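The lines below spell out each chain.
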Amino acid sequence: MRDCADRPHGLRRGLHREAFAARRGFQKSRQKPQTLGFQGGAGLKTLGIDVGGTRIKSGLLGAGGKIIRLPSVDFNADPAAIFRAVKNSAGMTSAYARVGVAVAGDIDTALGIVRFSPNLGWKNVHIGTIARKILGKPVVVENDANAAAMGAWMLDGAKRYSDIVCVTMGTGVGGGIIAGGKLLRGATGSAGEIGHMTYKPDGVKCSCGNSGCFERYLGRDAIVARFLEISRRRKSGSAKNVTPMTVAALAAEGDRAALETWRRTGEILGVLLADIVDALNPSAVIIAGAVSRAADFFLPAAVAEMRKRAFKHPARSVRIMVTGHDDILGAAGAALIASAPSKK
Ligand SMILES: [Zn+2]
């Protein structure tokens, strides 16, 4: 895991190498099962499934505390089709005793229901029942950012901390909170929706019903729009091909508009980090999600802004890190939650 707390300056080269290493790992995982070593989970065999809007990533948490990456499968709006595809790709229907499923959205973990997932287009989907019917094992359903927090706790060396926050940056912005050694779910299971805290009270309308949510300024579309605005390419024919990763590639080449895009994105993230630090006083904040691969370019500005705004003592002590296992974090965390009820 990369750490920006102690060395906010002069990190770029090392961070960059690790970002590319992480990307290579992501591509590799699509081709063949791959084993990662970590401590914990000994003796458990649990299938973890991370349902994303494009790909479904899975891993098998096995005896001896290893996770075996399984080939990813395509998203399907029909959840039954997803679990049939995962079952086929796993090819080991009797090799696991439990299943953990991570899904983006508002989840009723007690009943295994996806109450609402705007990114997947699901409303009141009984995902736990569907998965159990197809996979034939007990199923636990969890919010994807909560699962990512557990995955980061397990895979990114954060086990020594009892208080961490995982910030997932991708299409949307999510959060998972481990407080006092336990995953924080809140009264109705919705805790950690940091992307929908308000950044600008009169800001852009959000799909959640609020206006000016952080997600509207830190999500994928916001980063692309910021770059098109700064580079004055909004009306250019190539605008539709711009993604956060192409903006990151331009930044790596020294493109000034791309670098400025990431600097401004980092400043907004820093405001969110300051809120997190003041509210929760975490030992570590772990940045995950597809956009985290561009952390070289936005994290220094984010850390500087956070330190400017947050209470001084917690701001100095918190470690701001970037996951080294983004492609398997959700699946690993979902498996850990399903296999270790005491950590729920
Ligand atoms: Zn919102």
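Residues numbered from 1 in each chain as written. Predicted model: local features only at pLDDT ≥ 70, side-chain atom pairs only at ≥ 80, totals over all residues. Heavy atoms only, no water.

Chemist: So what exactly am I meant to see when it comes to the pattern of salt bridges here?
Modeler: Note that side chains of opposite charge can pair when their charged atoms are close. Under the counting rule described, the total for this entry stands at 12 salt bridges. With a closest N to O distance of 3.0 Å, D106 and R115 form a salt bridge. On the accessibility criterion, D106 (25% relative accessible area) is partly exposed. We note a salt bridge from R185 to E142, for which the minimum N-O separation is 2.2 Å. In this pair, R185 is assigned in the loop between β13 (182-183) and α5 (215-218) and E142 in strand β10 (residues 139-143), connecting sequence segments 43 residues apart. Among the charged side chains, a network of salt bridges with common partners joins E260, R263, R264 and E267. (Salt bridge = Lys/Arg side-chain N within 4 Å of Asp/Glu carboxyl O. Buried < 20%, exposed > 50% of the residue type's maximum accessible area, 1.4 Å probe, protein only. Helix = DSSP H or I, 4+ residues; strand = E, 2+ residues; numbered from the N terminus.)

Chemist: How should I be thinking about the coordination of the zinc ion in this particular structure?
Modeler: Ideal geometry at a metal centre: 109.5 degrees between donors when four sit tetrahedrally, and 90 or 180 degrees when six sit octahedrally. The coordination sphere of the zinc ion contains the protein donors H196 (ND1), C206 (SG), C208 (SG) and C213 (SG), at a distance range of 2.0 to 2.3 Å. Metal-centred angles of 105 to 121 degrees between the 4 donor atoms at the zinc ion mark the site as tetrahedral. Counting the intervening residues between successive donors of the zinc ion yields the motif H-x9-C-x1-C-x4-C. Of the two residues, H196 is situated in the loop between β13 and α5 and C213 in the loop between β13 and α5; the sequence distance between them amounts to 17 residues. (Donors = N, O, S within 2.8 Å, 3.2 Å for Na, K, Ca; no water. Tetrahedral: all angles 85-135°; square planar, octahedral: opposite > 155°, others 65-115°.)

Chemist: Explain the pairing of strand β9 (residues 122-125) to me, please; I cannot follow it from the model alone.
Modeler: Consecutive residues of a regular strand have side chains that alternate between opposite faces of the sheet. Strand direction decides the pairing type here: strand β8 (residues 113-117) and β9, joined by 3 bridges, are antiparallel. Paired with S117 across the strands is W122, a residue of β9. With antiparallel pairing between neighbouring strands as the criterion, β8 and β9 make up a hairpin whose turn holds 4 residues, including G121 at a positive phi of roughly 75 degrees. (Pairing = 2+ DSSP bridges.)

Chemist: Just checking my understanding: could you explain the packing of helix α8 (residues 256-280) against helix α9 (residues 295-309) for this structure?
Modeler: Axes are the key here: two packed helices are described by the angle between their axes and the distance separating the axes. Look at α8 against α9: their axes get within 6 Å of each other, and the N-to-C directions meet at 40 degrees. Taken together, the axes of α8 and α9 are oblique relative to one another. Taken as a pair, α8 and α9 cross one another with a handedness that is right-handed. Contact residues: α8 offers L259, W262, R263, G266, E267, L269, G270, V271, L273, A274, V277 and D278, while α9 offers F297, F298, A301, A302, E305, M306 and R309. (Axes fitted to C-alpha atoms, helices over the stretch in contact; angles between N-to-C directions. Parallel < 35°, antiparallel > 145°, perpendicular 65-115°, else oblique. Left-handed = near helix turned anticlockwise from the far one by under 90°. Contact = heavy atoms within 4.5 Å.)

Chemist: Would you mind going over unusual backbone geometry with me for this structure?
Modeler: The phi angle of most residues is negative, glycine excepted, and most peptide bonds adopt the trans form. One non-glycine residue, N124, lies in the positive phi region at around 50 degrees. Within the fold, N124 resides in strand β9. We classify N124 as exposed; its relative accessible area is 52%. Positive phi values are uncommon outside glycine, yet N281 reaches one of about 50 degrees. By the element assignment, N281 lies in the loop between α8 and β14 (284-288).

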